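# Commentary on secondary and tertiary structure
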Amino acid sequence: MDIILLGPPGAGKGTQAGRLEDEHGMVQLSTGDMLRAAVKAGTEVGLKAKALMDAGELVPDEVVSGIIGDRLDELGPDKGVIFDGYPRTAAQAASLDEILSSRGRKLDHVIELVVDEDALVERITGRFTCGNCGEGYHDIYKQTAKDGICDICGLSDFKRRPDDNEETVRTRMQEYRGKTAPILPIYDERGIVRKVDGMGSMSEVNDAIEAALKLS
Ligand code: AP5
């Protein structure tokens, strides 16, 4: 099964994709994570993306569609994929159709995380991750069991994203409203959009997604 998780910044796409990956053996393809890895590695893609990401603006369509196609080729045909943060524009949606059909795949569902945007700034500005193993945390909603120590790897090397400040989050929201939300009707017309309330607890949202995908 190939699915898209769609929702504004902080809606919980990464959180829920991680759970589907852990519990159902699907593979999360997050363009945000791939771009951050490219920035860290100082690749050509990373150099193109860094300033745009820091400003909360979208990276050019051909750059992200290129990395998605490459990743799918590495994965092979057997694993179901969760597209997290892709597509984000009408051009990316058209590219995804081509990328999938040329590999004999098809999109099964689009999960739209329906959220209250006002609550998202708090979610995003409270987010941090372990710089060693990548586990995600939140100042309020997902604290470490022991103060300052990662529950998974036991190290104390936490990081916050440079684009997780309030001003940049507002730009990211505008990009979502102006360029990403308008692609929903494309999938609505195909009858594959499943709306899920993204404002419950992480487990409640997970349960609702599993029910929508008939995984539970
Ligand atoms: P990207 O990394 O995709 O960021 P985003 O879409 O802004 O989404 P986030 O990662 O901020 O949020 P999320 O929905 O994954 O929420 P999360 O689960 O972490 O993109 C970053 C940048 O890269 C873009 O601005 C752009 O520049 C570029 N880019 C990426 N893809 C691109 C593309 N396709 N085209 C062009 N440019 C692209 O949750 C957030 C926090 O809330 C966490 O701390 C979590 O613990 C907490 N939380 C989650 N769920 C809940 C819950 N139910 N209750 C309470 N807390 C919760």
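First, a word on scope: everything that follows refers to the structure included in this document. All values derive from a computational prediction rather than experimental measurement.

## Remarks on the site of the ligand
Not every one of the 33 residues close to the ligand is listed here, only the nearest: Thr15, Glu57, Arg88, Arg127 and Arg172. Between the ligand and Gln92 there is a distance of 2.9 Å, counted from a nitrogen atom to a side-chain nitrogen or oxygen. When isolated, the ligand has an accessible area of 1,000 Å², and the protein chains bury 95% of it. Broken down by element, the residue count for the shell around the ligand peaks at 4 residues, all from helix α2 (residues 31-41). Classifying every residue of the shell around the ligand by side-chain character gives 13 nonpolar, 11 polar and 9 charged.

## Overview of a negative patch on the surface
On the surface, a cluster of negative charge is contributed by Asp22, Glu23, Asp197, Glu204 and Asp207. Mapped by element, the contributors of at least two residues to the negative patch are α1 (13-24) and α9 (202-212). With respect to the helices and strands, the residue Glu23 is situated in helix α1.

## Details of the sheet that holds strand β5 (residues 127-130)
The antiparallel open sheet is built from 3 strands, whose spatial order is β6-β5-β7. Looking at strand neighbours, the two that pair on one side only are β6 (136-138) and β7 (158-159), the edges of this open sheet. One ladder, built from 2 bridges, connects β5 with β7; its direction is antiparallel. From the neighbouring strand, Cys130 faces β7, where its bridge partner is Phe158.

## So, the side chain of Asp163
Checked against the element boundaries, Asp163 lands in the loop between β7 and α7 (166-180). The class of Asp163 is buried, set by a relative accessible area of 8%. A polar contact of 3.0 Å, which involves the side chain of Asp163, links it to the side chain of Arg161. When neighbours within four sequence positions are excluded, Asp163 is seen to be in contact with Met53, Thr168, Val169 and Arg172.

## Comments concerning the nonpolar core
The biggest cluster of nonpolar side chains holds 29 residues, and the ones touching the most others in it are Ile4, Leu29, Leu35, Phe83, Leu107, Val110 and Tyr187. Ranked by size, the runner-up nonpolar core spans 20 residues in total, among them Leu5, Ala17, Ile111 and Ile209.

## Some points on the packing of aromatic side chains
Tallied over the entire structure, the rule returns 4 aromatic pairs. On the numbers, 5.6 Å between centres and 25° between planes, the contact of Phe128 with Tyr137 is stacked. Tyr137 gets classed as buried once you look at its relative accessible area, which sits at 4%. Each ring, one from Tyr137 and one from Phe158, has its centre 5.9 Å from the other, and the planes form 90°; the classification is edge-to-face.

## Points about the pattern of salt bridges
In this structure the tally under the stated criterion is 19 salt bridges. Taking the shortest distance from any N to any O, the salt bridge between Asp54 and Lys50 comes out at 2.4 Å. Of this pair, Asp54 and Lys50 both sit in helix α3 (residues 44-55), 4 residues apart, which is roughly one turn of the helix. Its salt-bridge partner being Arg160, residue Asp139 comes within 2.8 Å of it at the nearest N-O pair. Note that Asp139 is positioned in the loop between β6 and β7 and Arg160 in the loop between β7 and α7, a separation of 21 residues in sequence.

## Focus on the environment of Val27
For Val27, the position within the fold is in strand β2 (residues 27-30). Residue class for Val27 comes out buried when judged on its relative accessible area of 11%. Val27 sits 45 residues away from Leu72 along the chain, and the two C-alpha atoms are 10.0 Å apart. Contact partners of Val27, with chain neighbours within four places excluded, come to Glu21, Leu75, Lys79, Gly80, Val81 and Ile82.

Cut-offs and rules
- Residues numbered from 1 in each chain as written.
- Predicted model: local features only at pLDDT ≥ 70, side-chain atom pairs only at ≥ 80, totals over all residues.
- Heavy atoms only, no water.
- Near = heavy atom within 4 Å.
- Polar contact = N/O pair within 3.5 Å; in protein donor to acceptor, adjacent residues only side chain to side chain.
- Areas by Shrake-Rupley, 256 points an atom, 1.4 Å probe, with all protein chains shown as cover.
- Helix = DSSP H or I, 4+ residues; strand = E, 2+ residues; numbered from the N terminus.
- Nonpolar A, V, L, I, M, F, W, Y, C, P; charged D, E, K, R; others polar.
- Patch = residues over 30% accessible without salt bridge, like charges linked within 9 Å, V, L, I, M, F, W, Y side chains within 5 Å.
- Salt bridge = Lys/Arg side-chain N within 4 Å of Asp/Glu carboxyl O.
- Lys, Arg positive; Asp, Glu negative; His and termini not counted.
- Charge placed at Lys NZ, Arg CZ, Asp CG, Glu CD.
- Pairing = 2+ DSSP bridges.
- Buried < 20%, exposed > 50% of the residue type's maximum accessible area, 1.4 Å probe, protein only.
- Contact = heavy atoms within 4.5 Å.
- Core = buried A, V, L, I, M, F, W, Y, C linked by side-chain atoms within 4.5 Å.
- Phe/Tyr/Trp six-rings, centres within 6.5 Å; stacked < 30°, edge-to-face > 60°.

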